[in-house]
Each structure stands twice: as C-alpha cells, then as structure tokens.
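As a plain string of letters, each chain reads:
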Amino acid sequence: VKYECVQNITREETSIHTYSPMPYLIESTSLDRIFVYQHGIQWHRNERQTFDWAIPAFVPLTYIVWGEPWISNFERYAHPEAWILPLGSPWYDYLAEQDIEIEADRSWDVLFVSSSPSSDVIPEEHELYHELFETVWKTCADNDLSLAVKLHPNESPDWYLERGWEEYIVNFDGIEEALSSASVAVTDNSSAFVESSVLGTPMIVADINGHGLESLGPVANTVFTEEITEIHDAILDLHTGRKNISTDGAEKQLVRIGDSTKRIADAVTLGAIEDKR
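Here's a quick rundown of the structure. Remember, it's a predicted structure, so these values are computed and weren't measured experimentally.

Taken together, the three bridges between strand β1 (residues 16-18) and strand β2 (residues 34-37) define a ladder with parallel strand orientation. By the bridge assignment, I16 is partnered in β2 with I34.

Take a look at the structure:
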C-alpha cells in the first residue's frame, strides 16, 4: 500500500528526501533520486549492530551529512558506492546566526547535559554514569565552580533526587540557552555536543559506553574521551584556558556552517549529482 501510494506521487522521477529510506521509498523511484539526511549522531551501540534503516547497506543512496567528521561513520554502514556529501544543515546555520545572550561572563562554570540511565539498562551502565556525574560534581565542589544540570526534555529528575543532587537541576528554556550560559559543558553521548560546537561552548564528551565517538576528533570546541579519570583535568584545563580548543586551522568542524541550503539545493539537482558520479 505504501509503495503504491508513494509511487503515484513520485511518478518514478521526483526526488525523495527522507531521514529513513524504508523499502516502500526505495522501491518507488530510482536510487539516485533518494536523499537521506543525517538526523542525529546515528552511532550504533556496538559493531554487531550493523543495520539501520537510516543507512541501509544494500543500496547505494546519497547521504547528506553535517560535516566531514561524520563521513567515516556513514561509510562504515552504507553501501560501498553510496555518495556521502558533507553539506551542513539549515538548522545549524540558523542556530549559529542566532543572537543568543551569552551574557555576563556566563552564568555557570560547568553545565552537565544529562541523560541519566533508565531502569532498563544494565547495572554497569548505571555505575559508570554515577561515577561520571560524581566526578563532575566533585571537581566543581573542590574547585569552587558552579554546576548546573540540564535534563533531557523527556527525562525525569528522579535519578538526581534519589542521590541528593536535585539542587543542581536548572530549568533552562532549551539546550541553546543552557549551552550559551556555561563556560564548559560535559555530557556522556548526548547529541548536544554538536550544538555546543556550533555555539562555541567547549564540551567534554565522555563516551563511557564506548560508542567510538572519539573517531570524530580532533574537532573544534570538543574534547572526546572514554576515560572518566580524565574528566577532572579536562574541566579545569578548559575552564582556566590552559587548553584552547576553539577553532583553528588544524581542526575540523563538526558541522559545516553557512550556505547549507544552497549547497543542498545544488547537490540534489539531478545534473549536479550525475556530474559528481
């Protein structure tokens, strides 16, 4: 049913723009007219999980990703003849252009972007997450640094309440406000590190579950580590300016900023893609 409905719309000639090229989309038009957009960090939990409908390995499609660092991640799962174009994202262009109040010396020394583990994860992940936040909390307490926790929009504060850390939860209007009001940010694997990079707030990404995010680096405004023991020094280095990870010519950008709409429009023009192939 879906195949027939979509085919009537495409007439086998119109482009399909999607986040997830399901079978009925693939069957509805030619493969070179299907454009798949990156819609998150799209990182698999482990190497055994090699299939995702966002990146179907059995057909060569055109993928539009945020920047060069993401190409290798898509290459790991996409068809060998897939076309992966680092064209940026209109959302990140918009975010970079916003006149967000960065105000007054930044209100918080350290922001923790939360994703506290749910009850269905294994105990080891609970323990690692607890150790991560405790390290951030202790680093702030020992060095007289202010600390704020930004909950995920779908996250309950219960995890923090149960551990006596509720006083650090701050009700920000959104992730942009939270990141723009902090000198340094820390998270485990929240995609907020991409917004942080765009907004220019140094972010420490503690990949405690070993997703392999470190392979994205080195990139501007972002420090990746899998070791919780490195968090203490990283916070102090970034807060005091001992380590500078702002943009410089030797570092890639997580997101290609500026004119992404034009780049995407040019790329999805039939002639442009055919010429590149």
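Let us now look at the nonpolar core. One finds Y63, W70, L111 and F193 to be the most contacted residues of the largest nonpolar core, which totals 46 residues. At five residues, helix α8 (residues 192-199) tops the list of elements feeding residues into this core. Leaving out residues up to four positions away in the same chain, L111 has contacts with A148, K150, F172, A178, L179, A182, V184, A185 and V186. Formed by 28 residues, the second largest nonpolar core is a distinct cluster that contains Y129, L132, V136 and A206.

Here the structure, examined in full by the defined rule, presents 15 aromatic pairs. Seen in terms of ring centroids, W159 and W165 are 6.0 Å apart; in terms of plane orientation they differ by 40°. Their pairing is tilted. Look at F193 and F224: their rings are 5.7 Å apart centre to centre, the planes differ by 85°, and that puts the pair in the edge-to-face class. One end of the pair, F193, is in helix α8; the other, F224, is in strand β9 (residues 222-225), and 31 residues separate them in sequence. Side by side, F193 and F224 carry an identical accessibility label, which is buried. Taken together, the ring pairs in this structure connect W66, W70, W91, Y92, Y94, F193 and F224 into an aromatic cluster.

Right, let's talk about the pattern of salt bridges for a bit. As enumerated under the stated definition, the model contains three salt bridges in all. Its salt-bridge partner being D142, residue K138 comes within 2.9 Å of it at the nearest N-O pair. Here D142 and K138 lie together in helix α5 (residues 123-142), a separation of four residues that amounts to about one turn. D142 sits in the exposed class, given a relative accessible area of 52%. Across the salt bridge formed by D266 and K262, the nearest N and O atoms sit 2.9 Å from each other. Of this pair, D266 and K262 both sit in helix α10 (residues 260-267), four residues apart, which is roughly one turn of that helix.

A word on a negative patch on the surface. Taken together, the side chains of E214, E226, E227, E230 and D233 present a region of like negative charge at the surface. When you line up the elements, E226 lands in the loop between β9 and α9 (231-240).

This part takes up α10. Those residues of α10 not exposed but buried are S260, R263, I264 and A267. Taken around the axis of α10, the buried residues stretch over an arc of 95°, which confines them to a single face. Turned more than 90 degrees off the buried face of α10, the exposed positions are T261 and K262.

Rules used in this analysis
- Here the residue index of a chain counts from 1 through its sequence in written order.
- In keeping with the model being predicted, local features are shown solely for residues with a pLDDT of at least 70 and side-chain atom pairs are shown and tallied solely at 80 or more, while totals for entire chains, interfaces and linings include all residues.
- Note that the side-chain values use all heavy atoms of the structure and ignore hydrogens as well as water.
- Whether two strands pair depends on DSSP finding at least two bridges between them.
- Helix and strand assignments follow DSSP, with helices taken as H or I runs no shorter than four residues and strands as E runs no shorter than two, numbered in order from the N terminus.
- Only buried residues count toward a nonpolar core. Its members are Ala, Val, Leu, Ile, Met, Phe, Trp, Tyr and Cys residues joined through side-chain atoms within 4.5 Å.
- Type-normalised accessible area, obtained with a 1.4 Å probe on protein chains alone, sets the label of each residue: buried when under 20%, exposed when over 50%, and partly exposed for intermediate values.
- By definition in these notes, contact holds between two residues if any of their heavy atoms fall within 4.5 Å.
- We call Phe, Tyr and Trp rings a pair once their centres come within 6.5 Å, taking the six-membered ring for Trp, and we label the pair stacked below 30 degrees between planes, edge-to-face above 60, and tilted otherwise.
- What counts as a salt bridge is simple: a side-chain nitrogen of Lys or Arg found within 4 Å of a carboxyl oxygen of Asp or Glu.
- Candidate patch residues must exceed 30% relative accessible area and have no salt bridge, after which like charges are joined if within 9 Å and Val, Leu, Ile, Met, Phe, Trp or Tyr side chains if within 5 Å.
- To be clear on the numbers: accessible area is Shrake-Rupley with a 1.4 Å probe, and residue cover counts the displayed protein chains and nothing else.
- Within this scheme the basic residues Lys and Arg register as positive and the acidic residues Asp and Glu register as negative, but His and the chain ends are omitted.
- For charged residues, the charge sits on one atom: NZ in Lys, CZ in Arg, CG in Asp, CD in Glu.
- Working note: the arc is built from the helix axis to C-beta atom directions.

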